[in-house]
Every structure is written in structure tokens, then in C-alpha cells.
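Understanding the architecture of this molecule
Below are the chains, spelled out letter by letter.
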Amino acid sequence: AQTETAAGRGPEALATLGALRQLPVPAREDPRLDLVEYGAAEAISDFRRAREAAARAGEKGAVAGQRLLVAEARLKESWALRNLGENEASTVAATEARRLYAGAGRRAGEALAVSQLAVLKRDRGDLDGARQLDEESLVVFREVGDQRRVVWAINNLAKGLELRGDLAKARPRFEEALALSREIDDRGGTARQLNNLAGVLDALGDLAGARQRYEEALPLSRSVADRRVTA
């Protein structure tokens, strides 16, 4: 199911998960299944289902005393809440995840939480605060070799530049993120970066270039069932 999600096949991942839910107790109640459900639901932009799945995983992890599982679940719940427009609750969840990861000495996990907090700061218009956190997380992602998250951090830095109106600097950063998404063969990420780059080109007046990127992004986003980018 995780592999199907990573391959952009969210509906198939949910079907696989349905088979796992037929296992006898306690296997079918394993919180890891809830985390897999979160990933599959998030991939198809069903953020309410994703949030519910992450919350279940966190509750089960707390009962079992699995602090790292709780940290992962709270971070995932934060992302779903943000996409549901509940930014205050999202910030609370991400802050808790950061605390749990830091307490366990898990730098990569803490960097994920820091990256999420940067997104939330940018949503509130705190561009300087967001940039500082994005740069902090980017260093860690590069150190641990998490290329998908490197793309994410570069994309966020580019978003900050775009929001400042500095399109000349935002464009090469989006292009950097796009090149890396292609390199690691991330179809969903490639669609997102093409979409972002098209927006910058549109603002710069390069309508032909923008249209070309949008037309390339559309079939990719449809192939991974990403309704948000498709829209």
C-alpha cells in the first residue's frame, strides 16, 4: 500500500488497505495501517479522511506509549488540518510533533516538523520567519539525503520569494526543485513544480512558457490522482 501511494496510485493503495482491514484483531487495529491510510487519502486530496486516519494513529500510539509514532501521526495530522483551513490546530499539532522528535533526538523528524511550521508561518504572512525555518530544515534534509524533502524545502523558499514579488529569484529556485523532482522520478512532485513554475512565468509575462508547463503538469497530476494540482 505504501508503494502504491508512492507511485501515485492512491485509490489502489486504499483498496490494498481495505484487505488489511479484514485481518483478525489485533492486526487490523495496528496504528501503522492508519498512517498508510493517511498517505493514500492525502495523495488523492481527501484531507478529511487523512486527518481522521492520522488522529486515530496518534490516539493508539499514545495509549501504547509509542512516542515516535505519535510524533509522526501529529505531524501528518497537522498537514491535513492545514489543507482543511484549520491553521491554528495545525500549528499546535506540528509544534507537538517537533517537541516529540527533538526529545527523541530524531533530527530528520524534527526537520519535517520545522518545515511544516515554516509553511504555517508563510500562510500567516511571516515570510522572514518562514525563510529561517525553511533554511534550517533544508540543511538537515541534505545531510540525511532525503531528496524529496530537499525538493520540498527548495519549493518553500521559492514560494517565499514569489510572495515577496521577487520573481527573478523565485524562478531559478522552482527550476531547481523541478529538476530534482525529475531526477528522483517523482511524478506528483514534478507536476507540482511545473504548476508552480508556470505561475511565475505567467506573472513574468511569459504566457507561452506558462501554458507549456501547465499542459505538461496536467496529465501528470491526473496520473497520480492529485485533484488539487489538477484543478
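Heads up: the structure comes first, above all this text.
Presented here is a report on the structure given in the accompanying data block.

Thresholds applied
Residues numbered from 1 in each chain as written. Predicted model: local features only at pLDDT ≥ 70, side-chain atom pairs only at ≥ 80, totals over all residues. Heavy atoms only, no water. Axes fitted to C-alpha atoms, helices over the stretch in contact; angles between N-to-C directions. Helix = DSSP H or I, 4+ residues; strand = E, 2+ residues; numbered from the N terminus. Parallel < 35°, antiparallel > 145°, perpendicular 65-115°, else oblique. Left-handed = near helix turned anticlockwise from the far one by under 90°. Contact = heavy atoms within 4.5 Å. Core = buried A, V, L, I, M, F, W, Y, C linked by side-chain atoms within 4.5 Å. Buried < 20%, exposed > 50% of the residue type's maximum accessible area, 1.4 Å probe, protein only. Salt bridge = Lys/Arg side-chain N within 4 Å of Asp/Glu carboxyl O. Phe/Tyr/Trp six-rings, centres within 6.5 Å; stacked < 30°, edge-to-face > 60°. Expected span 1.5 Å × (residues − 1).

**Details of the packing of helix 5 (residues 67–83) against helix 7 (residues 107–123)**
Packing of helix 5 against helix 7 brings their axes to within 10 Å, and their N-to-C directions diverge by 20°. Between helix 5 and helix 7, the angle is such that the two are roughly parallel. When you trace helix 5 past helix 7, the crossing you get is left-handed. Contacts from Leu-75, Ser-78, Trp-79 and Arg-82 in helix 5 reach Gly-109, Leu-112, Ala-113, Gln-116, Val-119, Leu-120 and Asp-123 in helix 7.

**Some remarks on the packing of helix 6 (residues 87–103) against helix 7**
Running from amino to carboxyl end, helix 6 crosses helix 7 at an angle of 155°, the nearest separation of the two axes being 8 Å. Looking at the two axes, helix 6 sits roughly antiparallel to helix 7. For the pair helix 6 and helix 7, the sense of crossing is left-handed. Across from Asn-87, Ser-90, Thr-91, Ala-94, Thr-95, Ala-97, Arg-98, Tyr-101 and Ala-102 in helix 6, the residues of helix 7 making contact are Gly-109, Glu-110, Ala-113, Val-114, Gln-116, Leu-117, Leu-120 and Asp-123.

**As for the nonpolar core**
Ranked by size, the top nonpolar core spans 16 residues in total, and within it Phe-174, Leu-194 and Leu-197 carry the most contacts. Elements represented by at least two residues in this core include exactly helix 9 (147–164), helix 10 (167–183), helix 11 (187–203) and helix 12 (207–223). For this core, the element with the most residues is helix 11, which contributes 6 residues. Residues within four places of Phe-174 in sequence aside, it is in contact with Asn-155, Ala-158, Lys-159, Glu-162, Gln-193, Asn-196, Leu-197 and Val-200. Ranked by size, the runner-up nonpolar core spans 11 residues in total, among them Leu-138, Val-151, Ile-154 and Ala-177.

**Focus: unusual backbone geometry**
Backbone torsion omega between Val-25 and Pro-26 reads 10°, so that peptide bond is classified as cis. Mapped onto the elements of the fold, Pro-26 is located in the loop between helix 2 (10–20) and helix 3 (31–43). Although it is not a glycine, Ser-45 adopts a positive phi angle of roughly 65°. Overall, the relative accessible area of 12% leaves Ser-45 in the buried class.

**Brief notes about the pattern of salt bridges**
Inspection of every chain in the model, using the stated rule, returns 29 salt bridges. A salt bridge links Lys-121 to Asp-126; the nearest nitrogen and oxygen atoms lie 3.6 Å apart. When the shortest N-O distance is used, the salt bridge between Glu-176 and Arg-142 registers 3.5 Å. Residue Glu-176 is located in helix 10, and its partner Arg-142 is located in helix 8 (residues 127–144); the two are separated by 34 residues in the primary sequence. Taking the relative accessible area as the measure of exposure, Arg-142 reaches 46% and is therefore partly exposed. Salt bridges sharing common partners tie together Arg-21, Glu-29, Asp-34, Glu-37, Arg-49, Arg-56 and Lys-60.

**Things to note about the packing of aromatic side chains**
As enumerated under the stated definition, the model contains 1 aromatic pair in all. Residues Trp-79 and Trp-152 carry aromatic rings whose centres are separated by 5.3 Å and whose planes lie at 85° to one another, so their mutual orientation is edge-to-face. On the criterion of sequence distance, the pair formed by Trp-79 in helix 5 and Trp-152 in helix 9 is long-range, its members being 73 residues apart. Taking relative accessible area as the criterion, Trp-79 reaches 13% and is therefore assigned buried. Using a relative accessible area of 22% as the deciding quantity, one classes Trp-152 as partly exposed.

**Let's talk about helix 6**
Relative to the 24 Å expected for 17 residues at 1.5 Å per residue, helix 6 spans 24 Å between its end C-alpha atoms, a close match to the ideal helical length. For helix 6, every residue scored as buried is listed here: Ser-90, Thr-91, Ala-93, Ala-94, Ala-97, Leu-100 and Tyr-101. Those residues of helix 6 hidden inside the fold are in contact with helix 5 and helix 7. At the exit of helix 6 stands Gly-105, carrying a positive phi of roughly 70°.

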